[in-house]
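# Coordinate inspection notes
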Amino acid sequence: MAITGDSRSQFHVLAVDDSLIDRKLIERLLKTSSYQVTTVDSGSKALKFLGFQEDEQGNPDTPFGSPNNHQEVEVNLIITDYCMPGMTGYDLLKKVKESSSLRNIPVVIMSSENVPSRITRCLEEGAEEFFLKPVRLSDLNRLKPHMMKTKIKNQKQEEDQEELKISEIQSDEQQQPVQLPSPQPQPESQPQPPPPPPPALLLQHNNNKRKAMEEGLSPDRTRPRYNGIPTMV
Amino acid sequence: MLGWGVDRLRADMSRLLAILFHQGVLDEQFLQLQQLQDESSPNFVSEVVNIYFHESEKLFTKSQGPTCKTDGYCDCRLDREFSDYKKMGIHLNQFMGSSSSIGANRVRNVCVAFRAASEQNNRAGCLRALELLEHEYCYLKNKLHELFQMEQQRVLAAGARYPLQQQQQQQH
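Residues numbered from 1 in each chain as written. Chains lettered and ligands numbered in written order. Predicted model: local features only at pLDDT ≥ 70, side-chain atom pairs only at ≥ 80, totals over all residues. Heavy atoms only, no water.

### Topic: the overall build of chain B
Broken down by element type, chain B carries 6 helices and 2 strands. Starting at the N terminus and walking to the C terminus, you meet the elements of chain B as α-α-α-β-β-α-α-α. Per-residue burial over chain B gives 44% buried out of 172 residues. The long-range fraction of contacts in chain B, counting pairs at least 24 apart against all pairs at least 6 apart in sequence, stands at 67%. Carbon and sulfur atoms form 51% of the exposed surface of chain B, whose accessible area is close to 9,800 Å². (Helix = DSSP H or I, 4+ residues; strand = E, 2+ residues; numbered from the N terminus. Buried < 20%, exposed > 50% of the residue type's maximum accessible area, 1.4 Å probe, protein only. Contact = heavy atoms within 4.5 Å. Areas by Shrake-Rupley, 256 points an atom, 1.4 Å probe, with all protein chains shown as cover.)

Here it is, written out as structure tokens:
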């Protein structure tokens, strides 16, 4: 199933900022770029909107994540200010990446201050991008690839769940032994960023089952560590 | 006659904006705001700017009466006691951020200097920066109000023009 070209209205962005002006701005920027937008003024409200549950842990016995989706609404990207009272954007980023149901949502950090150590810290914690304020329309062009990746991954997982149900009914001998060729980085590993799989590969059905089992069953899989990526300013 | 008014107003607005950019009162972020304004959001710039003024005024404790009279004299006062530098720093950060977001370049720059003075507990520096800030803020506010008034007049004049044109078209 192909994803059509400019289907950005199906992408939903959650924007988090304590400043009313900046919320208005980012909302306008996102709507101009044809995204659906929800704005909230704090990290805690963001988590509430995402249906975050504090005691949720990744359970190795239930592969493919939890089937009961705690999210009320699907969010394809979170864009958050760094400096906020209470829960900072960094705290929010951490909570999202530590949550098994939310960790696949790409997170982008915005800040009015250009502090390289801050930028590095956020990228290392799993942020996809770091935007300096004031954010421009051209910055938003960098968002789409991250959202597309998630959409494709979610679709793939849904398709694989179907596939696996079918194959469970069939005989087990036909299953190949699970190998881990591992384009995924191991924890505590060398500075090798995982190469993003080209979309054509992901849409094939052949290796999906194996990939899904890698992703689902590996309890040691931490959130990706980004070393050696040039810092974006 | 009305058409001439619209063009004149538009020219005046362009001139005023050019002056403000030249003086560094506004920077290219203001242009970004204008680019975000369109038919679906026709009052975006004035909405955002009015939020800015409304929010900024919360930062100033008022001595008496309304703020920023139209003759340019500003009645706003930040806490002259400077009793709490940390709190002031927080307010300044917010003010700096929102000023930057609307393209209020000179106001933002004074905030930077103000923040530096407060971080050094430099009372004299803070007083000076506060004076500058009041001056810049009031100037900005007056000029932007002028701009929006011209815009309103232009819209009214343009609206009054169309019924004439429609009548002419119906006669054909």
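### Some details on the interface of chain B and chain A
With 20 residues of chain B at the contact, the number on the chain A side is 12 residues. Summing the contributions of chain B and of chain A, the shared interface buries around 1,500 Å²; its carbon and sulfur component is 62%. Our enumeration of links across chain B and chain A arrives at 3 salt bridges. Among the salt bridges present, the one from Glu113(A) reaches Arg115(B), with a minimum N-O distance of 3.2 Å. Summed over the shared surface of chain B and chain A, the number is 7 residue pairs in polar contact (both at pLDDT 80 or more). At the level of elements, helix H2 (28–36), helix H3 (44–59) and helix H4 (85–102) of chain B are the ones that each hand at least two residues to the side of chain B that touches chain A. Among the elements that take part in the side of chain B that touches chain A, H4(B) stands out by supplying 6 residues, more than any other. (Buried area = accessible area lost by both parts, 1.4 Å probe. Salt bridge = Lys/Arg side-chain N within 4 Å of Asp/Glu carboxyl O. Polar contact = N/O pair within 3.5 Å; in protein donor to acceptor, adjacent residues only side chain to side chain.)

### Some points on H3(B)
Relative to the 22 Å expected for 16 residues at 1.5 Å per residue, H3(B) spans 23 Å between its end C-alpha atoms, a close match to the ideal helical length. When H3(B) is considered as a whole, its buried residues turn out to be Phe44(B), Val45(B), Ser46(B), Val48(B), Val49(B), Ile51(B), Tyr52(B), Phe53(B), Ser56(B), Glu57(B) and Leu59(B). (Expected span 1.5 Å × (residues − 1).)

### A short note on the environment of Phe52(A)
Residue and element names in this part refer to chain A. Structurally, Phe 52 can be placed in the loop between helix H2 (43–49) and strand S3 (77–81). Measuring from C-alpha to C-alpha, the distance between Phe 52 and Ile 152 comes to 23 Å, with 100 residues separating the pair along the chain. Residues contacting Phe 52, with those up to four places away along its chain left out, are Leu 47, Lys 95, Ser 99 and Leu 102.

### Some details on the pairing of strand S2 (residues 36–40) of chain A
Residues and elements named next belong to chain A. Relative to S2, strand S1 (residues 12–16) runs parallel, the two being bridged by 5 bridges. Bridge pairing in S2 places Val 13 opposite Val 37. Handedness of the crossover is the feature at issue here: the chain leaves S1, passes through helix H1 (residues 20–32), returns alongside S2, and the resulting connection is right-handed. (Pairing = 2+ DSSP bridges. Right-handed = clockwise from strand over helix to strand, strands pointing away.)

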